[in-house]
Amino acid sequence: MKLGRNKNFTAGAVITAFMLIVILVGMVWTPYDPNAMDGAAKRLAPCLTHLLGTDNFGRDILSRVIEGAGATFLIAAATVAIGLAAGLIIGGLTGYYGGWLDEVVMRLNDAVAAFPSILLALVLIALMEPGRTSIILALGVLFVPSFARIVRTEVARQKSLDYVASAKLMGAGDMRVLFAHILPNIVPVLLPSVAIGFNNAVLAEASMSYLGVGVQPPDASLGRMLNEAQGYLLTAPWYALSAGAAIILLILGFGLLSEGLGGQSDA
Amino acid sequence: MLVTLLLISLLAFLAFQIIPADPVTKLLGTDYTPERAAALRHELGLDRNVLVRYLDWLTGFVTGDLGVSYSYGMSVSAVMEGKGAVTAALSLMAWLLVIAISVPLGITLARWQGRRLDRVFVAMNQVFMAIPPFFLGILFTYIFGMVLKLFVPGGSILPEESLGGFFGYLIFPALAIAIPKAAMVTKLLRSSILNQMQENYVRTAYSRGNSRWGVIRLHVLRNAILPVVTFVAMTLADIVAGSIIVEQVFALPGLGRLLLASIGNRDYPVVQCIVVIIAAVVVFMNYLADVVTQTIDPRVRLG
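Right, let's talk about the overall build of chain A for a bit. Counting its regular elements, chain A contains 9 helices and 0 strands. If you list the helices and strands of chain A from N to C, you get α-α-α-α-α-α-α-α-α. Referenced to the eigenvectors of the C-alpha coordinate spread, the extents of chain A come out at roughly 75 × 45 × 30 Å. For chain A, the residues scored as buried account for 53% of the 267 residues in total.

Rendered as structure tokens:
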């Protein structure tokens, strides 16, 4: 793969790198304290002291966007990590061994996958308490089926290839064959799906927090900010615009990356 | 299809049985005493065996008795009356918009592949796909509602008052849901057509004197449209989910608002009902997609 000449990949890498740097810097330093209120500077338009203006409490929006992007990013990353880890184990085992368990698990998978994930996450979170941990757990669980399916299909395809047979001849056990030999070979197929999964997680987290069942105040998150910003749309439109733009940049970056890696971003 | 539906209904039902939160506590609030809780539990039938209750609920559901809402004190069907219509109208409108935007656009872009129009749209498409529908809704509220004053934000109109006004208010929410999806479908259709253009039959069609447009219109389109049909049918699930969120942005009195309120009130009969109904719609649409694909392309057989 000539990634260097791939326009999508380059653009995606630049945007993602930019967001990552901003998020990383934001963990140690933001222009202002994201939660510091300033009664004298309420709903300021973007200016030199507050590059993206201030919100209804006089909090610096740039600082809040940076912190919110970090929160959204971490939640999405944790979600994908859970989904991927469980998906690898479930998909790997069912794909490798097949049999009736495979049938049952894939049936269950179909039932869950047929359903809009945001809706299911909403219900799952309702069963727990709204908040950061619940949203990670709920979304993570919901991402398992799609990863499990991809892994299963690939493992089932790879296990009949010659290199697996020779690994077995050399005395490798099932687990070793599965995780040390087959796993590295399915990574290229998996990467675009991870990027898409990440985007779905960002979108889902933003939607949930917007609806008020995700990240709870005073924690910042991009969706949460949009929820607040909607009330001040007329007097402070830059509030909503900044938070929305950050979400779009996150999703766009990973969307282009996945495109560049050869995945289809229509999943 | 039926198996999947049964499975979903069972999951939806069981999910509400294993949770720590007890609706009785929420309903009684400060009046909570153990005796009252037991009495209410008995009244709601919550003290019976889980399986018995599931079968009870399922037979009721099939025969049209959707149960009684905990918090509204009336039947679930009465609570849901009119709300389903709003969500259905919104989703359907958004879905039709997706098709109306993406099919002509996808074909046009493929026809003029590599020209400036195509290049601009392909680049913009990525951005449109990245916009969350609810943020687009907020943007529309600001631009069209507050600055241009084309509609009153939050002033949704009931179909009983004015059918034209009802659909008029739905245009912007529907567009907010439709545009990101339309961008995806456009991209899929465009690349599907361009893929087909590599096939041998296309060369044959050219050699018989067809223009590029003629080849696309008469030969390529019917082959290229197949994967798109399946995808478009499946987007309905996302559109329904999207409409639940966008309803909040535009303060539309649909299933989404009811669902959120019911989740907050721990009104599980309502939540269960909405979940199962949406699941039924989704599963049915997937089935329909298979049937339609098979009708257009006899090579595909249902497994």
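Residue-level contacts link 39 residues of chain B with 31 residues of chain A. Of all the secondary-structure elements, those providing two or more residues to the side of chain B that touches chain A are α1 (2-15), α7 (116-130), α8 (133-147), α9 (163-196), α11 (212-249), α12 (255-265) and α13 (268-296) of chain B. Residues belonging to the side of chain B that touches chain A are distributed by class as follows: 32 nonpolar, 5 polar and 2 charged.

Residue and element names in this part refer to chain A. The end-to-end C-alpha separation of helix α1 (residues 7-28) is 32 Å, in line with the 32 Å expected for 22 residues at 1.5 Å each. Turning to α1, its buried residues number three or more, namely F9, G12, I15, T16, M19, I23 and G26. For α1, the angular spread of the buried residues around the axis is 140 degrees, confining them to a single face. Facing away from the buried surface of α1 by more than 90 degrees, the exposed residues are K7, V14, A17, F18, I21, L24, V25 and V28. Those residues of α1 that are buried lie in contact with α2 (61-97) and α9 (237-260).

Let us now look at the domain arrangement of chain B. All names here are of chain B. Taken domain by domain, chain B consists of domain 1 (1-79 + 271-303) and domain 2 (83-253). On the domain 2 side, the residues contacting the 11 residues of domain 1 number 8 residues. Per-class residue counts for the side of domain 1 that touches domain 2 are 8 nonpolar, 2 polar and 1 charged.

This part takes up the nonpolar core. Of all hydrophobic cores here, the largest spans 161 residues; its most connected members are A:A121, A:L122, A:A243 and A:I247. Ranked by residue count, the leading element in this core is α11(B), at 18 residues. Residue-level mapping places this core at the junction of two domains, with at least three residues from each of domain 1 (1-79 + 271-303) and domain 2 (83-253) of chain B. Among residues more than four places away in sequence, those in contact with A:I247 are A:V202, A:A206, A:L222, B:P132 and B:F135.

Residues and elements named next belong to chain B. In this structure, A251 is a non-glycine residue whose phi angle is positive, near 50 degrees. Residue position: A251 is located in the loop between α11 and α12. The exposure class assigned to A251 is partly exposed, which follows from the 13 C-beta atoms found within 10 Å.

A few words now on the packing of helix α4 (residues 117-127) of chain A against helix α7 (residues 174-211) of chain A. Residues and elements named next belong to chain A. Contact geometry of α4 with α7 gives a least axis separation of 10 Å together with a crossing angle of 50 degrees. On the basis of the axis angle, α4 is oblique to α7. Crossing geometry of α4 relative to α7 is assigned as right-handed. Along its contact with α4, which presents S117, I118, A121, L122 and I125, the element α7 presents N200, A204, S207 and M208. Of the residues that constitute the contact of α4 with α7, the class distribution is 6 nonpolar, 3 polar and no charged.

What follows covers α7(A). Since the α-helix turns once every 3.6 residues, residues separated by three or four places project in the same direction. Residues and elements named next belong to chain A. In this model, α7 (38 residues) spans only 46 Å end to end at C-alpha, well below the 56 Å of a helix rising 1.5 Å per residue. Along α7, the sharpest kink reaches roughly 50 degrees, centred on P188. Positive backbone phi, at 90 degrees, marks G212, one or two positions downstream of α7.

The next subject is the environment of B:S91. Residues and elements named next belong to chain B. Along the polypeptide, S91 turns up in helix α6 (residues 83-111). Note on S91: 26 C-beta atoms within 10 Å, which makes it buried. When the C-alpha atoms of S91 and A178 are compared, they prove to be 9.0 Å apart, with 87 residues separating the residues in sequence. With residues up to four places along the chain from it excluded, the contact list for S91 reads L236, I239, V240 and S243.

Turning to the confidence of the model for chain B, a few remarks are in order. Close reading of the predicted structure is inappropriate where its pLDDT is low. Residue and element names in this part refer to chain B. A residue-level look at chain B finds 88% of positions with pLDDT of 70 or above and a mean pLDDT of 80. Here helix α2 (residues 23-28) is the element of chain B with the lowest mean pLDDT, 66, and α6 is the one with the highest, 90. Predicted as a complex, the structure gets a pTM of 0.81 and an ipTM equal to 0.81.

The rules behind each value
Residues numbered from 1 in each chain as written. Chains lettered and ligands numbered in written order. Predicted model: local features only at pLDDT ≥ 70, side-chain atom pairs only at ≥ 80, totals over all residues. Helix = DSSP H or I, 4+ residues; strand = E, 2+ residues; numbered from the N terminus. Buried ≥ 20, exposed ≤ 12 C-beta atoms within 10 Å, placed from the backbone. Contact = placed C-beta atoms within 7 Å. Nonpolar A, V, L, I, M, F, W, Y, C, P; charged D, E, K, R; others polar. Expected span 1.5 Å × (residues − 1). Arc of directions from axis to C-beta. Domains from an automatic or database assignment. Core = buried A, V, L, I, M, F, W, Y, C linked by C-beta atoms within 7 Å. Axes fitted to C-alpha atoms, helices over the stretch in contact; angles between N-to-C directions. Parallel < 35°, antiparallel > 145°, perpendicular 65-115°, else oblique. Left-handed = near helix turned anticlockwise from the far one by under 90°. Bend = angle between axes of the 7 residues up to and from the residue. pLDDT = per-residue confidence, 0-100.

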